[in-house]
Amino acid sequence: MSLEVRGLTVAFAGGVEAVRGVDLTLPAGGTLVLLGESGSGKSATARALVGLPGRGERVGGSVTLGGRSLLGLRGRELRALRGAEIGLVGQDPSGALDPLRRVGPQLEELLRRHRVVGGGAGGHDASGHGASGHGASGHGASHGWRARARSRAAVRARVVELLEHVGLPQPARVAGSFPHQLSGGMRQRVAIALAVCCEPRLLIADEPTTALDARVQTRVLELFGRLRDELGSALLLVTHDVVAARAVGGEVAVMYAGRIVERGPAARLLTAPAHPYTRALLAAQPSRAIPRGRLPAIPGSPPPADRPLPPGCPFAPRCAAAVGVCRVERPELEPLDDEVAAACLLAEREVVAHG
Amino acid sequence: GGSDSAATASDAGGSTTAATAAATPTRSSGGDGSGGTLVIGSTGATLPNPDTLIGGNGWEGTRFVANQIYDQLVRWDLTDDAAVPRIVPSLATSWRTDSAGTTWTLELRRDVRFHDGTPFDADAVVFNFDRYLDDRSEFFSEATIGDVGLYAGLFAGARKVGPYSVEITTRGRDGHFLNDLTYIPIASPAGVRKSGNAGFARAPVGSGPFRFASQSSQQLELVRNAGYWAGAPKLDKLILKPLPDASARIAALRSGEVNWIEYPNPDDVPGLRDAGFQIVSNNYDHVWQITFDQSQRPWDDVRVRQAANYAVDREAIANDLLHGTADPAEQVAPRGTFAYDPAGDRYAYDPEKARALLAEAGYGDGVKVTIAVPTGGSGNLIPIPIAEKIQQDLRAVGIDAELKTADFDTLMKFMAEGRVALGASAQAGSTPLFASDAIFALSVKSDSPWFVGNPTGRSVDALVDRAAATVDDGAREQTYAEAARALTEEARFLTVVNDRNSRALAPTVHGFVQPQSWFLDLTQVWVGQ
Amino acid sequence: MAEALVEVRDLVKRHRGAARPVVDGLSLTVARGETVGLVGDSGCGKSTTAKLILRLLERDGGELRFDGANLGAARGRELRALRRRIGLVPQHPQSSLNPRRSAGDAIAFNLRAHGVPRRELDGRVAAALELVGLPAAFARRRPHELSGGQVQRIAIARALATAPALMICDEPVSALDKSVQAQVLNLLADLQRDSGVALLFVSHDPAVVEHFCDRVLPMERGRIVTPTTTGATR
Amino acid sequence: MSVRLKLLLALTAALLLAALLAPLLAPHAPDAGATAQRLLPPGSAGHPLGTDGQGRDLLSRLLWGARPSLLAGIVPVAAAALLGTAIGLLAPLSRRWVETAALRSVDVLYAFPGVLLAIAIAAALGAGLWTTVVALSIALTPPVVRVVQTEVLRFRDADFLAVARASGASWWAVALRQALPLVLPALVVYCTTLVGIAIVYAAGLSFLGLGVSPPTAEWGSMLDELRGNAYTDPVLALLPATTILLVSILFNALGDALRDQLDVKERSVR
Amino acid sequence: MFGRTYVRESQTAAFARFAAKRCALAVPVLIGVATVVFATVALIPGDPVTSMLGPGATPEAVAELTGRLGLDRPLPLRWWEWLSATAQGDLGSSIAQRRPVGEIVMTAFGNTLVLAAAAGLLVLAGGVALGTLTAVGRGRASGRLSSALSIVAISAPQYSVALLLVVLLGVQAGLFPTGGMYDAIGGGGLGDRIHHLALPALAAALVPMGVTARVYAAALTDVLNADFVESMRARGLSEAAVIRHAVRNALPSLLTIGGLQIAYLLEGVVFVETIFAWPGIGQTLFQAIQARDLPVIEAGVLVTAVAFVGLTIAVDALHWLLDPRTRR
Ligand SMILES: Nc1ncnc2c1ncn2[C@@H]1O[C@H](COP(=O)(O)OP(=O)(O)OP(=O)(O)O)[C@@H](O)[C@H]1O
Ligand SMILES: Nc1ncnc2c1ncn2[C@@H]1O[C@H](COP(=O)(O)OP(=O)(O)OP(=O)(O)O)[C@@H](O)[C@H]1O
Ligand SMILES: [Mg+2]
Ligand SMILES: [Mg+2]
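Conventions adopted
- Residues numbered from 1 in each chain as written.
- Chains lettered and ligands numbered in written order.
- Predicted model: local features only at pLDDT ≥ 70, side-chain atom pairs only at ≥ 80, totals over all residues.
- Heavy atoms only, no water.
- Donors = N, O, S within 2.8 Å, 3.2 Å for Na, K, Ca; no water.
- Helix = DSSP H or I, 4+ residues; strand = E, 2+ residues; numbered from the N terminus.
- Buried < 20%, exposed > 50% of the residue type's maximum accessible area, 1.4 Å probe, protein only.
- Lys, Arg positive; Asp, Glu negative; His and termini not counted.
- Salt bridge = Lys/Arg side-chain N within 4 Å of Asp/Glu carboxyl O.
- Contact = heavy atoms within 4.5 Å.
- Near = heavy atom within 4 Å.
- Polar contact = N/O pair within 3.5 Å; in protein donor to acceptor, adjacent residues only side chain to side chain.
- Areas by Shrake-Rupley, 256 points an atom, 1.4 Å probe, with all protein chains shown as cover.
- Axes fitted to C-alpha atoms, helices over the stretch in contact; angles between N-to-C directions.
- Parallel < 35°, antiparallel > 145°, perpendicular 65-115°, else oblique.
- Left-handed = near helix turned anticlockwise from the far one by under 90°.
- Nonpolar A, V, L, I, M, F, W, Y, C, P; charged D, E, K, R; others polar.
- pLDDT = per-residue confidence, 0-100.
- Core = buried A, V, L, I, M, F, W, Y, C linked by side-chain atoms within 4.5 Å.

Some details on the coordination of the magnesium ion (ligand 3)
Think of it this way: four donors in a tetrahedron around the metal ideally sit 109.5 degrees apart, and six in an octahedron ideally sit 90 or 180 degrees apart. Residue and element names in this part refer to chain A. Those protein atoms acting as donors to the magnesium ion (ligand 3) are Ser43 (OG) and Gln91 (OE1), and they sit at 1.8 to 2.1 Å. Pair noted here: Ser43 is in helix 1 (residues 42–49) and Gln91 is in the loop between strand 6 (86–89) and helix 3 (103–113), with a separation of 48 residues, a long-range link. Each member of the pair, Ser43 as well as Gln91, carries the same accessibility label: buried.

As C-alpha cells, then:
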C-alpha cells in the first residue's frame, strides 16, 4: 500500500517544532530509509504516521495510505488499521511491552485481535518457512473446546515461530519470559515480532536494530525484505546505520532540523551524496583507518527545535561549504535530476555545473 | 417542673390503663387482654448476663433479666406508682429476727417450682447461699465477690431449720438485712448442678415470671412462665435488645422494631409523644450530682460549696435540657425515696447569694476548679451537656470550672481507689442513694474506700452506722433522712437533678405501671394491636 | 599492560529459577586508561556483567576488585565511595532516567553524590550537556520530551560529569547518528587522553569497537572466550 | 500551576485564615449561650446558623472549631505521611532483612486497634487534642506505609534506580530524590483522602473523653453533640456534618489538583 | 506441532517458599501484637475488678477478686500463661460476661465478617467501577462525575451518613429495618438477614469505597500514561483490551488499597455497628476496653490481628503472583 505524506508538521507544547513540513512518498513494496541527525524529528514523523501523537502534540499536513487519509481517522477505523495494516517498531523497545505479562501472550493477543491465526479470517502468511500450515488450522468452524484448544496451540506455535524469525535463540523460553527477564537485544527483537506479526502493509521501524549484533541485524532486515517481497509491504526504516541502510536499499531520505534535506536511491545517495550534511554524516563513520579521537564530526549543533528557524539554510552555520547566500535564502527540496532531490543551494549549482 | 405528684406521666394515645387497672396482681382473662411480645431496647451495650452471680449491665440487667428469671426471698412491691416501694414477701412468706439482730429465720413459700420443674425449698436456699458465700462449696464462684458480694457483705451463712424454713446469720447487727435480700436471686440447684458454674449462664433456671429461652449476640429472649406462683405474666415473650445509642433506640421504636425503649433522648420526648408514643416516667432514687473534693481549695470551704449549689439553674437543666424528664435536686435525698423532704429543698437558684458567699469566702475575684465528667454510662443522663450548663452557671458567679472528660470506667477506677479522677477537684456522676443501704454507706461515709469527697465532718458517719444497725424500719429510715439533711447542709455535693427514669412505649403496650424504683414489674404488661 | 584498575575473577550469576547461570565464571581485567570492548551475542550476559561489577546485582560467586580495594566485599559507605569512581552508561537510556525528573536533575543527582555544592550544580550540568552537544536548556526537559539520541547523550553526560576513573558503557552510542556518535567518541578519546579514564565498552557495532578499543573481549554464554587485541591504531 | 490548583489553594488558605482569625470573625464567644436560646433554627436573629443544644452560636462554634479540627485533620495526616513514607521507602529499598523487620513491625502496629492505642496514649499524656493527634498519627502510619511500599515495588528494579544507586549516592538521596517523586502522586491522593477521615476519627476520640474537652468547639464533637437531634432539628444536626463534608471535599480536590500538577506527562497537555 | 508451547520457569516452588516464609513470619507478628496489647492494657487506668464489682466494692473484695483472677501476678507471667493457653486454643472466659471468650469473640467476629463481606463487595465493586471511570474518563464528564462521587463518598462523615440512611430509608420511608441483624420477632430467614444487611453495609462501605476508587484511579491514570499503553494502542488493540491491560497493571495498587479498606472493615466499624445495633467485633472490643475485660480485649485483638495478618499475607501473595518484578 502506498504512503503519501505531504507537508507533515509536528509541534509540541512550548513551541517545539519537531517536524517542519515533510513530504514523503513510499510506494507499495517500496523501502524508504530515514537517516538524520539525532533530534531531527524522525521518531516524531514515524509516530505521526501511525496516528499516535504523544500528549500535547499537534500534527498538521496530510498523510494518505492507499489513498485513504490517515490523519482524520478516529476510533475503530484507526484501530483496525494499526497493527494489521501499519506496524510500528518504536525506538524504545522496553516501552513496547506490558511489564506484567509474559511475552508469548502479548503476541498471542495481537494475533487474535487481528485474526491472523486462531480466529476467523486468517491473513496471508508470507513471512515464514513452512508457515502455510498454521493459517488453515484457524479457519473454519472452531467450535468446541477441541477446536479451541487446537487453535490455541496453533497460535502458540505461531508465536514461537515468529520469535524464531526475529532471530531469538530459544524462542519458546523467550515466549515464556517476562519482559524484565530479557536482555536489551532480546526485548528489541520481541518488539519487532510484535510489529510484524500481523504482516502489516506498512512497516515503520524506528531504529529497530540498535542493540543487535550484525548477524541478527541481517536476519531482521531479511525478514523485513520478505515482508516486502512476498506481501508487497512498504517499509519505512529509521536508522543511523549506513551499512544497514545500504543493505535494505530503496530510497533514502535525510532529515535535518525537521525537514528532509536530501532524497534519492540508496545506492546513489550513500555513495555520492549531494547535500553537504549527508556528506558529513557519511564521513563520520568510524573505522580502523581513522585515529582514535579524530572522527570527523560535524562541528556545532543543529538549530534549536523550540525556536523558529532563522532565515537561510538551517545547516549553513555548520556547513563548511556555505556561502553568503546560504545564510539568507532557505533552500527547498528541489530535484537535482530524476532520482535525487536535495535542499541545498550549492548542490543545485553543482549539478548544474556538472551537468 | 418539680412536681411532687407521683403520678405516672402516661398520657399518650388514649391509653389510660397504666395507672389503675394493673394495680391488682390478678390475671384478667378477657377485658384488658393479654399476650404479645414485648421487645425492649435497653441502654446497655451488651446483653446482661442471665446467671445469678453477676447481674450484668448493672441494675438494667437486674431489672430486665435477673428479676424476671429469678425470685428473691423478699422483693419490692412494684405495683403501685404512687408510693415509695416497700419490701414484701416473695419466696419467703414471713421472717423474724432475734433480739441481737444477727439471726434471721424465714418461712418459705411451699407451692413454688423452678422452671425445670424441681421444687423450691429450704435446701434450695441453702444451696444458693453456699454458692454465694462458702468458698468450699462445689459451685462457689469467685464472681460472687462482685454484685452479690456487695449486698451479701454482712451475711455469714444459711442453715436449713425445716423443709420450708431457713435461718440466715449475719456478721453483725444488720438493720438492712431485708433490703440486702432483695438483691439475692435464688437459682434452681438442679439447674446449676446440671450445667455447672461455667454453663449456667447459658441455661439459667430460676422461678421467676419469665423463663430463659435463648440468647444470641443480638438479643435475649424470655418466655412466659405459665406456672408462675404469683400468677402467669400476660406477655408471651420478652425480648431484650441492647441499643446503647440513643438515636438507634429512637429509630428502632419509631420503625416498630422494638416497642419499648429505655431512656429516650430528652429532646426527642416531645416528638415521640406527638407521634403517639407513651412516655412514662416517675420519681425514683436517682441523683445526678457533683462530689466536691473537700481536701482541696476552694471546696474545703463550705461557703464555696454552698455558693456552687446556689449558682446552678437546675430548672433550666431539668426543663430545657432534659425536657422535664428530670426534676431539680435541691437536697441530697432524691424524690422517690423515703428520705425526701418536700420542705427540705435548700438551694434554689440564687446567683446573687452565690456571689456573696464566694466573696465572703475570699473568692470574690473568682476561682479556678476542675471537674471530672464521664462521657456516658448508665444513669448519667446526658452528662456533657449538663456539665457544660453547670460550667456556664458557675462561671457566671466567678467559679471558672474546667471540664475533664473520660469514659465512665476510667472514672470508676479512680473512684474505687478513693481518689478524685483525673486530678480534678470535683467529680460528676449519678448515683442511687437509698435503694440499697449497702451502697448508701459506701457513698457517704468518710471512711468509705470510695471517693466520697474527703469530708472533714464525721457526724454523718455516726448517723449512717446507727441506721445500719437499726432493725426497726421506721427508726432506721428517720436516721437516714437525718443523715441526708446533714449532707445537704454540709453541701458535700452539688446535687443537680433527680431523673424521672423516662421510657417510651409503643401505643400497643398496655398495662405497665411505672413504680418509683429502678426496678419494675412486667407481669401485668401485654402487647396488643 | 598497566596495572589493573578493575579485576573480575570467576564471576557467577544465576537468576532465580533460571536453568543455567547467565554469567558463568567470567574473568576480566581493565587496566588504568585502557579501553576494553566487550562484545558478544545478544543475551550472552554483557549487561548483567556490567551490573554485577557495580554491585547492582548480587553475584553468586567470584571476586571483584577495584583499584586495589575489595569491591566485592565493600558495604555501605565504602561501597558508595567506590561506586562514585565508576560511571555507568546503561543500555536503555530512556529507562535509566527517572520519568518524573528532568534531564538536569539526573545529572545534578550524580554531581551531588560527589559532593558538588548546590550553587555550582547549574553550571556543571550545563557544562556536561555542552560536552555531548546539547544546549543547556535541555536540562529542564523530562525524558519523554527528548529524542532517543538526546536521552542517550544525557546518560553519557551524567556519567561523564563526575569524572570517574572507570566508565562502563553499555551500548553508549547505539542511538546516535554518525555525526553525534563521532562527537561522543572523540570526546571519550580526549577524556581518556587527558584524565586516563578506563573504559569498559559494550557495543555491537564492529566499526565502533574496532575503531575505539584497545582490546576486545568476546563473550559467549556468560564467559570470555579467547581474548584478542584489535589492531587499533596505536 | 493550573487555575484549578490556584483556586483550591486559595480556598484552603481562606479556610486556614478563617480558623486563625476565628476570634475576629466569630460574632459570639464559642462557649457563651443560654439554654433558653437553645436549638434556634438557622436564620434566627443574631445567629445566622442557629444555636446548639446549649444555646451557643453555631457559626461562632464552627469558626472556632476549625482550629482543633483542622489540627486533628492535618497534623496527624502530615505526620503519618512523613513517617509512613520514610518506612515505606526505606523498607523495599533496603536489604531484605531490614525490609522484613520494618514491614512486619508495621504489621504489629497495623493489627492493633486504634481505640486501645488512643486510650493508652491518653493514659500516658492525659486527654486532649495532642492525644488525638499522636494517636491518629500512629494509627494512620501503617496504611501509608503499605501504599508507599506498593508504589515503590513497581519500580524497585527499574534501571533509573539502579543507575542512581550506582552513582554512589547515599540511600536517602536515592529514596528522596529518585523514589519519592514517583510515589508522590499516589501519596498525595491517599493522604488528602485521610484529612476528612481524621477529623471524624478525632470526634470518636473526643466522644471517648480522650480528645478536646467540652465546651471546646470541635467539628467532630459538635457532630456528636447534635446527632441526638436528628429527628428534632435535622438541619442543625447536619451543619457540622456538612462542614466536615465540604472541608474534606476541598482537601480531596486539592489532592487531585496536586496529583495532576505532579504528573509531568499530563501537564504538557495544558 | 501442537505440543510446542512456551518454556516457563516453574513458579510453584518459589511461591511455596515465599508463602511459607511469609506465614512463618506471621507468628512473631501475632506474638508482637499480643505483647503490645498486654503492655497497653497494663498501662491504661482501670481494671476489670472495679468494672466487675461496680459501685461499692470494698478494698478486701477488690483484693480478693484481683487475687482470684490472678491479676496480681507479674505481667510477664500472665502474658506467658495467656500465650500458652491461647496457643492451645483456650481463650479463657470473659470477666464481665462470664461466658467463654472464644464464643463471645468468634460470634462477634462472625457478625463483623458478614457485614465486612457485604460492605467489602460494595467497596471493591464500587471502587473499581468509580476508579476505572475516573481514570479512563479523565478530562471528560464521565471522569469528572465519578471522581466527584468518590470524593463525596469519602467526605461524608460516616456517622451522619448512617444516621441519614436510618432516618430517611428506615424510619421515614420504612423500606429497611433500622438496626439489628434480623427481626426481633420471628426473624432470621435469609431474606430477612439480607434486608437487615443492606443499610449497614452501605454505610460502612461508602468511605472505603471512595478511598479505593481514588487511589486506584490515581494508579490507573499512571499506568495509562505509560509507554507500553501507547504501544498497545499503536498495535491496534481495542480500547477495551488496552484498558484491561492497564487495569491489570494497576491491580497491585488496587490490591493494596482494597486490602487496607477491607482490613478497616474487618476491624469492625464501630460507628456503623453502634447505629445499626450490629453486634460486631468493633463494638465488642470497644465495650471490652471500657469494661477492661482483659480476656476479651486480648482475644478480640488477637482475632482481628489474625484476620489482618491473614489479609496482609493474602495481599502480598497476590502481589507476588501479579507482579514478577516485586519478587525478591
Ligand atoms: N531477571 C532475570 N531473570 C531471569 N533471566 C534474566 C533476568 N535478567 C536477565 N536475564 C537473562 O540473562 C541473560 C543475559 O542478559 P543480559 O542483559 O546481560 O544480556 P546482554 O548480553 O546485555 O544482551 P544484549 O546485548 O541483548 O543487551 C539473558 O538471556 C536474559 O534473558
Ligand atoms: N514531548 C515533547 N515535548 C517537547 N519536545 C519534544 C517532545 N518530544 C520530542 N521533542 C523534541 O522534538 C525533536 C524531535 O524528536 P524526535 O524524537 O522525533 O527525534 P529523532 O529524530 O527521532 O531523534 P533520535 O535520532 O535522537 O531519536 C527533538 O528535538 C526533541 O527534543
Ligand atoms: Mg528517534
Ligand atoms: Mg545488554
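What follows continues from the structure just given.
A few points about the side chain of B:Asp174
All names here are of chain B. Along the chain, Asp174 falls in the loop between strand 8 (165–170) and helix 4 (177–181). For Asp174, which is buried and forms no salt bridge, the nearest opposite charge comes from Arg476, at a distance of 7.5 Å. With near-sequence residues (within four places) excluded, Asp174 lies in contact with Gly101, Trp104, Leu154, Phe155, Asp180, Ala468 and Val471.

With respect to the arrangement of the chains
Ranking the 8 pairs of chains in contact by number of contacts places chains D and E first. Looking at chain A next to chain B, you find no contact at all, with the nearest C-alpha pair sitting 46 Å apart. Without any contact between them, chain B and chain C keep their closest C-alpha atoms 49 Å apart.

Some details on the environment of D:Leu125
Residues and elements named next belong to chain D. Mapped onto the elements, Leu125 comes out in helix 5 (residues 114–125). Taking the C-alpha atoms as reference points, Leu125 and Pro215, 90 residues apart in sequence, are found 20 Å from one another. Those residues in contact with Leu125 that sit more than four places away from it in its chain are Thr131 and Val134.

Remarks on the site of ligand 1
Within the structure, ligand 1 sits among 19 residues, and A:Gln181, A:Ser183, C:Ser42, C:Ser47 and C:Thr48 are positioned closest to it. Those residues lying near ligand 1 are distributed over chains A and C. In this structure, A:Gly185 approaches ligand 1 through a main-chain N or O atom, which is 2.6 Å from an oxygen atom. In the environment of ligand 1, an oxygen atom lies 2.8 Å from a nitrogen or oxygen atom belonging to the side chain of C:Gln91. Within the complex, 90% of the 640 Å² of free accessible area of ligand 1 lies under protein.

Topic: the packing of helix 7 (residues 159–166) of chain D against helix 8 (residues 171–207) of chain D
Residues and elements named next belong to chain D. Here helix 7 crosses helix 8 at 170 degrees, and the two axes come no closer than 10 Å. Classified by the angle their axes make, helix 7 and helix 8 are roughly antiparallel. Considering how the two elements wind past one another, helix 7 and helix 8 form a crossing that is right-handed. Touching Phe160, Leu161, Ala164 and Arg165 of helix 7 are Val174, Gln178 and Leu182, all from helix 8. A class-by-class count of the residues in the contact of helix 7 with helix 8 yields 5 nonpolar, 1 polar and 1 charged.

Focus on the interface of chain E and chain D
The interface of chain E with chain D comprises 65 residues on the first partner and 57 residues on the second. The interface formed by chain E and chain D contains 7 salt bridges. As a salt-bridge pair, E:Asp222 and D:Arg259 come within 3.9 Å of each other at their nearest N and O atoms. Linking chain E to chain D there are 12 residue pairs in polar contact (both at pLDDT 80 or more). Where the side of chain E that touches chain D is concerned, the elements lending two or more residues are helix 1 (12–43), helix 6 (141–155), helix 7 (158–172), helix 8 (190–224), helix 10 (239–266), helix 12 (281–291) and helix 13 (294–322) of chain E. With 10 residues, helix 1 of chain E is the largest single contributor of residues to the side of chain E that touches chain D. Partitioned by chemical class, the residues of the side of chain E that touches chain D number 40 nonpolar, 14 polar and 11 charged.

Section: the coordination of the magnesium ion (ligand 4)
Residue and element names in this part refer to chain C. The coordination sphere of the magnesium ion (ligand 4), as far as protein atoms go, consists of Ser47 (OG) and Gln91 (OE1), spread over 1.9 to 2.1 Å. Linking Ser47 in helix 1 (residues 46–53) with Gln91 in the loop between strand 5 (86–89) and helix 3 (103–113), this pair joins segments that are 44 residues apart in sequence. What makes Ser47 partly exposed here is its relative accessible area of 21%. The class for Gln91 is buried, based on a relative accessible area of 13%.

Looking at the site of ligand 2
Inspection of the region around ligand 2 gives 23 residues, with A:Lys42, A:Ser43, C:Ser147, C:Gly149 and C:Gln150 positioned closest. C:Glu145 has a polar backbone atom sitting 3.3 Å from a nitrogen atom of ligand 2. In the environment of ligand 2, an oxygen atom lies 2.7 Å from a nitrogen or oxygen atom belonging to the side chain of C:Gln150. In the complex, the protein chains occlude 95% of the 630 Å² of accessible area that ligand 2 would expose alone. Elements with a contribution of two residues or more to the shell around ligand 2: strand 2 (16–26) and helix 1 of chain A together with helix 5 (148–161) of chain C. Class assignment of the residues belonging to the shell around ligand 2 gives a composition of 7 nonpolar, 12 polar and 4 charged.

What about helix 3 of chain C?
Extensive coverage of helix 3 of chain C is indicated by the burial of 9 of its 11 residues. For helix 3 of chain C, the set of buried residues is C:Ala103, C:Gly104, C:Ala106, C:Ile107, C:Ala108, C:Phe109, C:Asn110, C:Leu111 and C:Ala113. Where helix 3 of chain C is buried, its residues contact helix 2 (76–84), helix 4 (118–131) and helix 5 of chain C together with helix 7 and helix 8 of chain D. One or two steps after helix 3 of chain C, the chain reaches C:Gly115, where phi turns positive at roughly 75 degrees.

Examining the side chain of B:Gln516
Residues and elements named next belong to chain B. Within the element layout of this structure, Gln516 appears in the loop between strand 22 (509–510) and strand 23 (526–527). The class for Gln516 is buried, based on a relative accessible area of 6%. Of the polar contacts made by the side chain of Gln516, one reaches the backbone oxygen of Asp81; its length is 3.3 Å. In this structure the side chain of Gln516 is engaged in a polar contact, spanning 3.4 Å, whose partner is the backbone oxygen of Ala82.

Here's the deal with the confidence of the model for chain C
Residues and elements named next belong to chain C. For chain C, per-residue confidence averages 87 on the pLDDT scale, and residues scoring 70 or more make up 95% of the total. Confidence scores differ between elements of chain C, with strand 10 (residues 228–229) showing the lowest mean pLDDT of 55 and strand 6 (residues 166–170) the highest of 92. Interface scoring of the predicted complex returns ipTM 0.87; its pTM is 0.88.

A short note on the nonpolar core
What tends to happen in soluble globular proteins is that the nonpolar side chains get buried as a cluster. Core analysis: the largest hydrophobic core is formed by 240 residues, its most contacted members being B:Leu38, B:Leu73, B:Phe120, B:Phe129, B:Leu181, B:Trp260 and B:Leu522. Setting aside residues up to four positions removed in sequence, B:Leu181 forms contacts with B:Gln72, B:Leu73, B:Val74, B:Leu106, B:Phe129 and B:Phe155. Counting residues in hydrophobic clusters, the runner-up holds 88 residues, among them A:Val160, E:Leu220, E:Val223 and E:Val229.

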